[in-house]
Amino acid sequence: MSQAIYYVNQNSINQNDIEQENKAFVDGIPEQAINIPIGDVLDKEMLLTSLAKAANFPSYFAHNWDSAWDCLTDSDITDFTLYLNKVEKINTEDFNIFKSIIEDAYKDFGKPKLWIVVASDDSLSRP
């Protein structure tokens, strides 16, 4: 797999007969993937706080996007999961910036990968 972000349909995970295409993605989520816990609202503050805690960012983390990129690329973490199946409100601009940071870090350093689990295929617009 040669991309940074993967989308997984939560409904497929819960079905007895997982469709073959989705099964590859479900099976592809590494066991060591670290979950970024998100509450009801996904925005910049929640993403940065949750990412910093999940990845155990160092004390010099400045709680901004640039610092998040620096800490991600300095980290040994290779895989994250982000479950959006229960998120009620997503700040699309903040979420797109977050995904861009993941993609840029992956392009430059080959890590991390992000596995986004959604409630259904149409829950989020994909790139």
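Quantities reported herein were computed from a predicted structural model and do not represent experimental measurements.

Visitor: Which parts of the structure should I look at to understand the sheet that holds strand β4 (residues 79-83)?
Guide: Through backbone hydrogen bonds, the strands of a sheet pair up, either in parallel or in antiparallel fashion. Spatial ordering of the open sheet is given by β1-β6-β4-β2, a layout of four strands whose pairing is parallel. Because the sheet does not close on itself, it has two edges, and the strands there are β1 (5-9) and β2 (34-35). Two elements, β2 and β4, share two bridges in a ladder whose sense is parallel. Across the sheet, the residue bridging to N35 is T81, located in β4.

Visitor: Mind showing me how you'd approach the nonpolar core here?
Guide: With 30 residues, the main nonpolar core has F57, L82, F98 and L114 as its most contacted residues. Tallying contributions element by element places helix α5 (residues 92-109) first for this core, with five residues. Contacts of L82, omitting those with residues within four sequence positions, involve N35, I36, I38, L42, F95, F98, L114, W115, I116 and V117. Grouped together as the second largest cluster of nonpolar side chains are six residues, Y6, V8, W115 and V117 included.

Visitor: What is the right way to read the packing of aromatic side chains from this model?
Guide: Note on aromatic pairs: each is described by the distance of the centres and the angle between the planes. Counted according to the given criterion, the structure contains three aromatic pairs. The interplanar angle of 15° and the centroid separation of 4.4 Å between the aromatic rings of Y6 and W115 together place this pair among those described as stacked. With Y6 in strand β1 and W115 in strand β6 (residues 113-118), the pair connects residues that are 109 residues apart, well separated along the chain. You'll find Y6 and W115 in the same group, each marked buried.

Visitor: For this particular structure, what's the right way to read the environment of G39?
Guide: In this fold, G39 is placed in the loop between β2 and β3 (41-42). Sequence-distant contacts of G39, that is, excluding residues within four places in its chain, are made with M46 and V87.

Visitor: Would you mind showing me how to read helix α4 (residues 65-74) here?
Guide: In an α-helix, one turn spans 3.6 residues; hence positions three or four apart end up facing the same way. Along α4, the positions that sit buried rather than exposed are W65, S67, A68, C71, L72 and T73. Turning to α4, the residues buried within the fold contact α3 (44-54), β4 and α5.

Visitor: Mind showing me how you'd approach the packing of α4 against α5 here?
Guide: Between two packed helices, the angle of one axis relative to the other and the distance separating the axes together describe the packing. Close contact between α4 and α5 brings their axes to 10 Å; oriented N to C, the two are set at 35°. In the crossing of α4 with α5, the sense of the turn from one axis to the other is right-handed. Across the interface between the two elements, W65, W69, L72 and T73 from α4 touch D94, I97, F98, I101, I102, D104, A105, D108 and F109 from α5. Across the contact of α4 with α5, the residue classes break down as nine nonpolar, one polar and three charged.

Visitor: Can you walk me through the pairing of β4 in this structure?
Guide: Extensive coverage of β4 is indicated by the burial of four of its five residues. One ladder, built from five bridges, connects β4 with β6; its direction is parallel. Bridging from a neighbouring strand, D79 pairs with K113 of β6.

Visitor: So what exactly am I meant to see when it comes to the side chain of K111 here?
Guide: Within the secondary structure, K111 is located in the loop between α5 and β6. One buried charged residue, K111, forms no salt bridge at all, with the nearest opposite charge on D76 at 5.2 Å.

Definitions and cut-offs
Residues numbered from 1 in each chain as written. Predicted model: local features only at pLDDT ≥ 70, side-chain atom pairs only at ≥ 80, totals over all residues. Heavy atoms only, no water. Pairing = 2+ DSSP bridges. Helix = DSSP H or I, 4+ residues; strand = E, 2+ residues; numbered from the N terminus. Core = buried A, V, L, I, M, F, W, Y, C linked by side-chain atoms within 4.5 Å. Buried < 20%, exposed > 50% of the residue type's maximum accessible area, 1.4 Å probe, protein only. Contact = heavy atoms within 4.5 Å. Phe/Tyr/Trp six-rings, centres within 6.5 Å; stacked < 30°, edge-to-face > 60°. Axes fitted to C-alpha atoms, helices over the stretch in contact; angles between N-to-C directions. Left-handed = near helix turned anticlockwise from the far one by under 90°. Nonpolar A, V, L, I, M, F, W, Y, C, P; charged D, E, K, R; others polar. Lys, Arg positive; Asp, Glu negative; His and termini not counted. Salt bridge = Lys/Arg side-chain N within 4 Å of Asp/Glu carboxyl O.

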